[in-house]
Amino acid sequence: MMCEKQYECCETEEIHENLLKIVRETMPEETKLYDLAELFKIFGDSTRIRILFVLFEAEVCVCDLAQALNMTQSAISHQLRILKQSRLVKSRREGKSVFYSLADEHVRTIIAQGCEHIEED
């Protein structure tokens, strides 16, 4: 089957069984692929990315995040709930304040890799 002209495709159909065997053996289970896609959806919101960048610098409370990002505490809390459910941030209570921080170094690595990718020529 040939592709439409607007797409780049092979001119002839040739199946490379040796490559397909490797792909079949190394492809993660569908549930893992789904979970990975869901994780990357979390990074698809610029407000959540802004929150993560603040948390790169320090552990902060919701009040500080709202002030730093010029947003309401309610809006920040909503995004923090999503980030926490995805295990990207963690929280701790101190008196009447709740402080948030990055869950682990993986979060920093994911964002750093993304930044490197978009800054490539």
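The numbering scheme is per chain: residues are counted from 1 as the chain's sequence reads. Since the coordinates come from a predicted model, pLDDT governs what is reported: local features require at least 70, and pairs of side-chain atoms require 80 or more to be given and counted, while whole-chain, interface and lining totals use all residues. Side-chain numbers here rest on the full set of heavy atoms in the structure, without hydrogens or water.

Caption draft 1: Local environment of the overall build of the chain. Numbering of helices and strands runs from the N terminus, with a helix taken as a DSSP run of H or I at least four residues long and a strand as a DSSP run of E at least two residues long. Along the chain, the regular secondary structure elements total six helices and three strands. Put simply, the chain runs from its N terminus to its C terminus through helices and strands in the order α-α-α-β-α-α-β-β-α. For a compact globule of 121 residues, the expected C-alpha radius of gyration is about 14 Å, and the chain comes in at 21 Å, more than 25% above that figure. Principal-axis analysis of the C-alpha atoms places the extent of the chain at approximately 65 × 30 × 25 Å. When a residue's accessible area, from a 1.4 Å probe over protein chains only, is under 20% of the maximum for its type it is buried; when over 50% it is exposed; and in between it is partly exposed. Going through the 121 residues of the chain one by one, you find that 23% of them count as buried. When checking whether two residues touch, look at their non-hydrogen atoms; a contact exists if any pair is within 4.5 Å. Taking all contacts inside the chain whose residues are at least 6 apart in sequence as the whole, residues at least 24 apart take part in 47%. Accessible area for the chain stands at about 9,700 Å²; split by element, carbon and sulfur atoms hold 53% of it. Throughout, the radius of gyration refers to the C-alpha atoms, and the reference size of a globule is 2.2 Å times the residue count to the power 0.38. All accessible-area figures derive from a Shrake-Rupley calculation using a 1.4 Å probe, and residue coverage is judged against the displayed protein chains alone.

Caption draft 2: Structural view of a negative patch on the surface. Residues enter patches when they are more than 30% accessible in relative terms and free of salt bridges; like-charged ones are connected within 9 Å and nonpolar ones (Val, Leu, Ile, Met, Phe, Trp, Tyr) within 5 Å. Salt bridges are identified by distance alone: a Lys or Arg side-chain nitrogen within 4 Å of an Asp or Glu carboxyl oxygen. Neither His nor the chain ends contribute to the count of charged residues, in which Lys and Arg are positive and Asp and Glu negative. Working definition for charges: the position is that of NZ of Lys, CZ of Arg, CG of Asp or CD of Glu. On the surface, Glu-116, Glu-119, Glu-120 and Asp-121 cluster together into a negatively charged patch. Following the sequence through the fold, Glu-119 ends up in helix α6 (residues 105-119).

Caption draft 3: Examining the nonpolar core more closely. Counting residues in hydrophobic clusters, the biggest one holds 22 residues, and the most contacted among them are Ile-51, Leu-52, Leu-65, Ile-76 and Leu-80. Going through the elements one at a time, α3 (46-57), α4 (62-69), α5 (73-85), β3 (97-102) and α6 are the ones with two or more residues in this core. Among the elements that take part in this core, α3 stands out by supplying five residues, more than any other. If near-sequence neighbours (up to four positions away) are discounted, Ile-76 is found in contact with Ile-51, Val-62, Leu-65, Ala-66, Leu-69 and Met-71. Put simply, buried Ala, Val, Leu, Ile, Met, Phe, Trp, Tyr and Cys residues joined by side-chain atoms within 4.5 Å make one nonpolar core.

Limitation: the analysis is restricted to geometry and does not speak to function.
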